[in-house]
Amino acid sequence: VMGKVAGEALYSAEQTAPRLGAAARARVGPSFMAVLAHLHSIDPEAVGLGDLGRHDGYVARQLRTWYGSWTASAAAADYDDERLHALHDRLVAEIPEQGPARVVHGDYGVHNVMIDHSGEVAAVLDWEIGTLGDPLADFAYALNAWTEPSDGSNAASGAPTALPGFASREELIADYAERTGADLSELGYYRSFNSFKTACIVHGVYARFRRGMKSTDGVDMPGLFERMVMSIELAERHLAG
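What comes next concerns the included structure. As the structure is a prediction and not an experimental result, all values here were calculated from the model.

## A look at the pairing of strand 3 (residues 121-124)
Argument step 1. When strand 2 (residues 113-115) meets strand 3, the two strands line up antiparallel, connected through three bridges. Across the sheet, the residue bridging to Ile-115 is Val-121, located in strand 3.

## Overview of the packing of aromatic side chains
Between two aromatic rings, the relevant description is the distance of the centres plus the angle of the planes.
Argument step 1. Under the definition given, this model contains eight aromatic pairs.
Argument step 2. Ring plane angle 40° and centroid distance 5.3 Å describe the contact between Phe-32 and Trp-146, whose orientation is recorded as tilted. Pair noted here: Phe-32 is in helix 2 (residues 22-41) and Trp-146 is in the loop between helix 5 (135-145) and helix 6 (154-157), with a separation of 114 residues, a long-range link. Trp-146 matches Phe-32 in its accessibility class, with the two residues each being buried.
Argument step 3. On the numbers, 6.3 Å between centres and 70° between planes, the contact of Trp-70 with Tyr-79 is edge-to-face.

## Regarding the side chain of Ser-192
Argument step 1. Within the element layout of this structure, Ser-192 appears in helix 8 (residues 187-210).
Argument step 2. Overall, the relative accessible area of 0% leaves Ser-192 in the buried class.
Argument step 3. Aside from chain neighbours lying at most four places away, what touches Ser-192 is Leu-87, Leu-91, Ala-235, His-238 and Leu-239.

## Looking at a nonpolar patch on the surface
Argument step 1. A surface patch of nonpolar side chains, about 230 Å² in accessible area, is lined by Val-47, Leu-49 and Leu-52.
Argument step 2. Using a relative accessible area of 33% as the deciding quantity, one classes Leu-49 as partly exposed.

## Focus on the pattern of salt bridges
Argument step 1. Summed over all chains, the structure comprises nine salt bridges.
Argument step 2. Its salt-bridge partner being Asp-175, residue Arg-179 comes within 2.4 Å of it at the nearest N-O pair. Here Arg-179 and its partner Asp-175 are both found in helix 7 (residues 169-180), four residues apart, which amounts to about one turn of the helix.
Argument step 3. Each member of the salt-bridge network shares a partner with another, and the members are Asp-81, Arg-83 and Glu-233.

## Points about the nonpolar core
Argument step 1. Judged by nonpolar contacts, the single largest core of 61 residues is most densely connected at Phe-32 and Phe-139.
Argument step 2. Broken down by element, this core gets its largest block of residues, eleven residues, from helix 8.
Argument step 3. Ignoring any residue separated from it by four or fewer positions in sequence, one finds Phe-139 in contact with Met-33, Leu-36, His-40, Leu-172, Ile-173, Tyr-176, Leu-184 and Leu-187.

## Description of the environment of Ala-22
Argument step 1. Along the chain, Ala-22 turns up in helix 2.
Argument step 2. The class of Ala-22 is exposed, set by a relative accessible area of 60%.
Argument step 3. A C-alpha to C-alpha distance of 14 Å links Ala-22 and Asp-116, two positions 94 residues apart in sequence.

## Remarks on unusual backbone geometry
Most peptide bonds take the trans form, and the phi angle of most residues other than glycine is negative.
Argument step 1. With a phi angle near 55°, Asp-78 is a residue other than glycine that sits in the positive phi range.
Argument step 2. Residue position: Asp-78 is located in the loop between helix 3 (58-77) and helix 4 (82-93).
Argument step 3. Overall, Asp-78 belongs to the exposed group, its relative accessible area being 60%.
Argument step 4. The backbone phi angle of Asp-126 is positive, close to 60°, even though this residue is not glycine.
Argument step 5. Considering the arrangement of structural elements, one finds Asp-126 in the loop between strand 3 and strand 4 (131-133).

Quick notes on the rules
Residues numbered from 1 in each chain as written. Predicted model: local features only at pLDDT ≥ 70, side-chain atom pairs only at ≥ 80, totals over all residues. Heavy atoms only, no water. Pairing = 2+ DSSP bridges. Helix = DSSP H or I, 4+ residues; strand = E, 2+ residues; numbered from the N terminus. Phe/Tyr/Trp six-rings, centres within 6.5 Å; stacked < 30°, edge-to-face > 60°. Buried < 20%, exposed > 50% of the residue type's maximum accessible area, 1.4 Å probe, protein only. Contact = heavy atoms within 4.5 Å. Patch = residues over 30% accessible without salt bridge, like charges linked within 9 Å, V, L, I, M, F, W, Y side chains within 5 Å. Areas by Shrake-Rupley, 256 points an atom, 1.4 Å probe, with all protein chains shown as cover. Salt bridge = Lys/Arg side-chain N within 4 Å of Asp/Glu carboxyl O. Core = buried A, V, L, I, M, F, W, Y, C linked by side-chain atoms within 4.5 Å.

Structure (structure tokens):
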């Protein structure tokens, strides 16, 4: 099913600044959370999506997959990190009990939604890794991807949501909690899980570049390495509370 939708995904502060004024920026966060909360409220069985994926063990399967990616890429990347292994062991040991499975997008961020001129989410894109799983893992991913000015990295300064007027992460958390009634007491775990996953993904990409499977022309290899290491540090920080 396809249709033309008015709006743009938000990729950078430079692109977003002239397009969305203060009022529109203020609407993006609540609309972004409303869409995700609605997705997580839907019973997959009730809409014919009960067989989209397994209903249990989402986080455990993700940890197994991405830890396997890290170990397989370590030689080609010429980089391993004991902190990553320690994080894996602790994350496996402390997996929260999963509630009812819901459709999870897997890559929900302002780069994968179309925002109209008023700041409302008009469409959600890039469903290729959508499956059934733990909605809190999906929410925590979106939260991690919502960059704030205080994040302190080079990437943060160029992120669309780091512009003045966008909601803070704390406001997104309160919004999602109010809309869903979800218990967010384990949010630190889920944010750590997503930072761990990001570190493993970037590590694999870094390894493919070093192995010569992709051209490094124009690629910021030090920046890629920095993002990987920063993701490990964030995973530790989130888990520590």
